[in-house]
Structures are given as structure tokens and as C-alpha cells.
Amino acid sequence: MDHDKKILLVIILYLYVRFFWKRGSKRKRDNDSRMTGHQYTLELLQGNPKQCIELLRMSRESFVRLCAHFRITYLLKDSKHVSVEEKMAMFLMMIGHNQRYVVIKRRFQHSKQTIHKFFYEVLDKMMLFAKDMIVPTSFNPNPNIPGHNKRLRKVFKGAVGALDGTLIHAIVPKAQQDLYRGRGKGDCYQNVLAICDFNMIFTFIVAGWEGVAHDSRILSEALSDLDAPFPFPPPEKYYLCDAAYAHTRGFMAPYRNVRYWLGDFRRRSALTNKEKFNHAHAKLRNVIERAFGVLKARFPILKRMAPFPLATQRNIAIACFALHNFIRKEGLSDDFFAQYDQPNVSLQNSHVHVNGNEDEVEAHGTAADRDYMTQLRDGIAEQLMQNIE
């Protein structure tokens, strides 16, 4: 066989392997529902409005605005066979119902690889979205801004929001579980520090900390993080926080070893000036507990996380906070906010203890800062004792 024939034979073999080999064993499509993902998405948008609320965890109007926002601002585009609306619906059903790829695969009639691809495409855009949605407050304490307890906010006239931590369920490799295991609980959690204003809009978050990390340590690290500057309040302004944090300039904590939780005052009303202060403080700071309540009711994945990598679990939590803010800022009717939009709903955050050991609280600020806040707190307590509101 001469040289030219050998080259021709090699070319023929290559073409055979390239275009014909294994074609007979092509994977058989196993999604055979009559309703495609596109048709299912149209049904969500055109059918009973309750479907969107129950399945996508938001109203149809909010969903339409969200998709339009992602098209225009973050250039999320239709793929050849999948629209932006369908991508967003798949993403929201996964985080809104803690669904696995295989469930979304059957519902939307795509392969698991396709679901995986579009889930991460939307999640990546969500990180840009979060930077625009979770922004510092204007530090305006005006009681006329949305929110409850306006009379108390006139007394706490420097309060510009509330700060607290919350535990979000995490799936953690066995070697790291001791760091993420919640205090006194068998499951693993990530600890998230958050600030919200009096309208239940989150203005700052730090996600991804180990469940055993003390709240005050997370705050101390956040204060020194140059990559994500902490929105420190201006002079005369402060965040309301519980006794897990230092009582110093910019952060007003309740009196320690004094009744604090709202439930504690249902059996017996506040008597002393410190109790009256703690009761009023708890009623105002309750806004962040209600905000966490809305967030976790809307997105059950925060209570029972799917087995994503830890970095993805952190990003999912951030995306949930951002979506929470978007829905609130849109100002449309929302069943989840309506459920928690009552000023005195008792939602004690169980991983924080007001009567904890003060040595655990990492102090920051100077002695003068702490003295200033102590005097301010005492003055408010006296004002409340005299019923001047």
C-alpha cells in the first residue's frame, strides 16, 4: 500500500470515528412529559396567581419585574431553548422548595446537566444583584420612614436599624463539621451577621462563618475587613443589638442580666427603668427577628440546605437576602411580609443568650466610646421611666 492510500485510509477512519462511532448507542431521552419547561413557565405566568406565590415564593408581578431587571441590568439572556423566565423559575423552585436537580429535571424536561448549568448561571448573576440590593442605610432615623413603633423611635432617635446574627443550615464535609456544628445542636450551620432598617430591608450582611463562631467575633472581623467596608454609623447614630455584642459607640445593647425578650414581659410588665429600657429596646430590635422570619419562611433551603459546595451554600444565602430586599423594595403585596409585618411578633433568636458571659463579648471601641453609650442608654431609660415618649 503506497503512502497516499495510507493517508486516505487514516482520514476515512478518523471521519468514521468522528461522525459515526457510538451513534447507535446514543443516550435515550427519558424526559417525555407532554408539558415542556417553556409551557410550564407560561402556565405559571398566565394561570392562577397563587401558583407563583406557592411555587416561586413571590407574586407574579414581582417575578415578572425580577426577570426584566435581570435581562436589562445583568444581561441574563435567553438560551436557544430556555428563556430567562424559565431559568429564573428553575432557580427559584430549587431555593424556594429545597429541590434537587432530578426533581427540576422532571418538571422542566431538561437534563440534569442543563439544570446545573442554568442554576449556576443565575446564581452568578445573583452575586452582582446582591451588591445592588444590599446597600447601607442612609442613616436617617426619621420616624416617618416605613416601620412600626414610631413613638419609641422618637425616644431612640439615634437608632438607624438593628444588628444580629442568624444560623443557616449547612451541609459540611465530615472533617469540618466540628467548626460548623451549632451550639448544643447536632446539625451544622453557617453563621450570618446582618443589619436591617426598620422596614425589614437588609442593609449589610456577612455570610459563610462557621456555626460555632461567636457573634461578636464576626462583628469584630467585619469592622476590620477592608474588602467589604462595614457601614459604621455616624456620630450620634447607632444600631440596636442584643447583649452578644459590645455596648459601645455605634452599637446600643440592652442591660445585661435584666429581663429582655418580649415574651418575658407578657406575664409581668416592666417595673424598673432598666426593665422598661430593655422592653422598649426589644420591641424595636424585634424588626430584625421578623426580617429573618420572613426570609426563612420564603426560602426553606435556609433551614435545610441541599448538598452544594460550601461556597455555593454561602452564595445561596446571599441570593436569598438580595431577593428578600428586591421584593420589599418593589412595594407590591406579599403574603410572606404580611405574615410577619406585625410589630410585636415574638421570634426569639435561639442561638443568642442575653445573660451570657460578658467575657465572651469581644470589645471594640475605646473606653470613652463605651462610657458615651452607657450615659446615652441611662438617659433613655430615665426618659422611658417618666413616660416621656
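Preceding this section is the structure that the text describes.
About the cut-offs
Residues numbered from 1 in each chain as written. Predicted model: local features only at pLDDT ≥ 70, side-chain atom pairs only at ≥ 80, totals over all residues. Heavy atoms only, no water. Helix = DSSP H or I, 4+ residues; strand = E, 2+ residues; numbered from the N terminus. Buried < 20%, exposed > 50% of the residue type's maximum accessible area, 1.4 Å probe, protein only. Contact = heavy atoms within 4.5 Å. Areas by Shrake-Rupley, 256 points an atom, 1.4 Å probe, with all protein chains shown as cover. Axes fitted to C-alpha atoms, helices over the stretch in contact; angles between N-to-C directions. Parallel < 35°, antiparallel > 145°, perpendicular 65-115°, else oblique. Pairing = 2+ DSSP bridges. 1 Å grid on protein atoms, 1.4 Å probe; cavity = no way out; pocket = protein on both sides within 12 Å on 5 of 7 lines; lining within 4 Å. Points joined across faces, edges and corners; volume = space filled by probe spheres on them. Phe/Tyr/Trp six-rings, centres within 6.5 Å; stacked < 30°, edge-to-face > 60°. Lys NZ or Arg CZ within 6 Å of the ring centre and 35° of its normal. Patch = residues over 30% accessible without salt bridge, like charges linked within 9 Å, V, L, I, M, F, W, Y side chains within 5 Å. Salt bridge = Lys/Arg side-chain N within 4 Å of Asp/Glu carboxyl O. Expected span 1.5 Å × (residues − 1). Bend = angle between axes of the 7 residues up to and from the residue.

### Details of the overall build of the protein
Right, so step 1: On a plain count of helices and strands, the protein comes out with 15 helices and five strands.
Right, so step 2: Taken across its 389 residues, the protein has 50% of its residues classed as buried.
Right, so step 3: Expressed as a percentage of contacts within the protein between residues at least 6 apart in sequence, the contacts between residues at least 24 apart total 70%.
Right, so step 4: Of the roughly 19,500 Å² of accessible surface on the protein, 53% is carried by carbon and sulfur atoms.

### Some remarks on the packing of helix H4 (residues 60–73) against helix H7 (residues 112–133)
Right, so step 1: H7 packs onto H4 with a crossing angle of 100 degrees between their chain directions and a minimal axis gap of 11 Å. One finds that H4 runs roughly perpendicular with respect to H7. Here H4 contributes Leu66, His69 and Phe70 to the contact with H7, which in turn contributes Lys125, Met126, Phe129 and Met133.

### Here we look at helix H10 (residues 215–223)
Right, so step 1: Turning to H10, its buried residues are Asp215, Ser216, Ile218, Leu219, Ser220 and Ala222.
Right, so step 2: Where the residues of H10 are buried, they touch strand S1 (159–170), strand S2 (188–196), strand S3 (202–210) and strand S5 (251–252).

### Considering the pairing of S2
Right, so step 1: Among the nine residues in S2, nine count as buried, and that is most of the element.
Right, so step 2: The alternating pattern of S2 places Cys188, Gln190, Val192, Ala194 and Cys196 on one face and Tyr189, Asn191, Leu193 and Ile195 on the opposite face, and all of these are buried.
Right, so step 3: Relative to S2, S1 runs antiparallel, the two sharing nine bridges. Note on S2: the bridge partner recorded for His169 is Tyr189.
Right, so step 4: Pairing of S2 with S3 involves six bridges; the strand directions are antiparallel. Looking at the pairing, Asn191 lines up with Trp209 of S3.
Right, so step 5: Linking S2 to S3, which pair antiparallel, is a turn of five residues; within it Met200 sits at a positive phi near 65 degrees.

### Observations concerning the sheet that holds strand S4 (residues 238–240)
Each strand in a sheet pairs with another by means of backbone hydrogen bonds, the pair being arranged parallel or else antiparallel.
Right, so step 1: The five strands are arranged S3-S2-S1-S4-S5 in an open sheet whose pairing can be described as mixed. Two strands lie at the open edges of the sheet, namely S3 and S5, each paired on one side alone.
Right, so step 2: In this structure, S4 lies alongside S5, joined through two bridges in parallel fashion. Following the sheet pairing, Tyr239 is matched in S5 by Phe251.

### A short note on the layout of surface pockets
Right, so step 1: Put simply, the largest pocket is a space of about 550 Å³.
Right, so step 2: Forming the boundary of the largest pocket are 22 residues, of which Phe204, Ile205, Ala228, Arg314 and Ile318 lie nearest the centre.
Right, so step 3: For the lining of the largest pocket, the elements supplying multiple residues, two or more each, are H7, S3, H10 and helix H13 (310–330).

### Overview of the packing of aromatic side chains
Right, so step 1: One pass over the full model with this rule turns up 19 aromatic pairs.
Right, so step 2: With a centroid separation of 6.1 Å and an interplanar angle of 45 degrees, the aromatic rings of Tyr239 and Phe251 are classed as tilted. Taken together, the residues Tyr239 in strand S4 and Phe251 in strand S5 connect sequence positions 12 residues apart.
Right, so step 3: Note on Tyr239: relative accessible area 0%, which makes it buried.
Right, so step 4: Judged by relative accessible area, Phe251 falls into the buried class, the value being 0%.
Right, so step 5: The ring centre of Phe337 lies 4.5 Å from the NZ or CZ of Arg328, which sits over that ring.

### Quick word on empty space enclosed by the protein
Right, so step 1: Throughout the structure, instances matching the rule amount to two cavities of 30 Å³ or more.
Right, so step 2: Looking at the second largest cavity, the residues that line it are Gly147, His148, Asn149, Phe198, Lys283, Leu284, Val287 and Arg290.

### Remarks on the environment of Ile201
Right, so step 1: Looking at the element boundaries, Ile201 is found in the loop between S2 and S3.
Right, so step 2: For Ile201, a relative accessible area of 11% corresponds to the buried category.
Right, so step 3: Residues Ile201 and Phe321 lie 120 residues apart in sequence; the distance between their C-alpha atoms is 9.0 Å.
Right, so step 4: Sequence-distant contacts of Ile201, defined by excluding residues within four places in its chain, comprise Ile195, Cys196, Asn325, Arg328 and Lys329.

### Re a nonpolar patch on the surface
Right, so step 1: A grouping of Ile7, Ile11, Tyr14 and Leu15 is seen on the molecular surface, where their side chains present a nonpolar patch of about 380 Å² in accessible area.
Right, so step 2: Checked against the element boundaries, Ile7 lands in helix H1 (residues 3–19).
Right, so step 3: The exposure class assigned to Ile7 is partly exposed, which follows from its relative accessible area of 39%.

### Describing helix H12 (residues 273–298)
Residues spaced three or four apart along an α-helix point in a common direction, a consequence of the helix completing one turn every 3.6 residues.
Right, so step 1: Compared with an ideal rise of 1.5 Å per residue, which puts 26 residues at 38 Å, H12 spans 38 Å between its outermost C-alpha atoms and is within 8% of the ideal.
Right, so step 2: In the structure, H12 departs most strongly from a straight axis at Arg285, where the bend amounts to approximately 35 degrees.
Right, so step 3: Here H12 lies mainly inside the structure; 21 of its 26 residues are buried.

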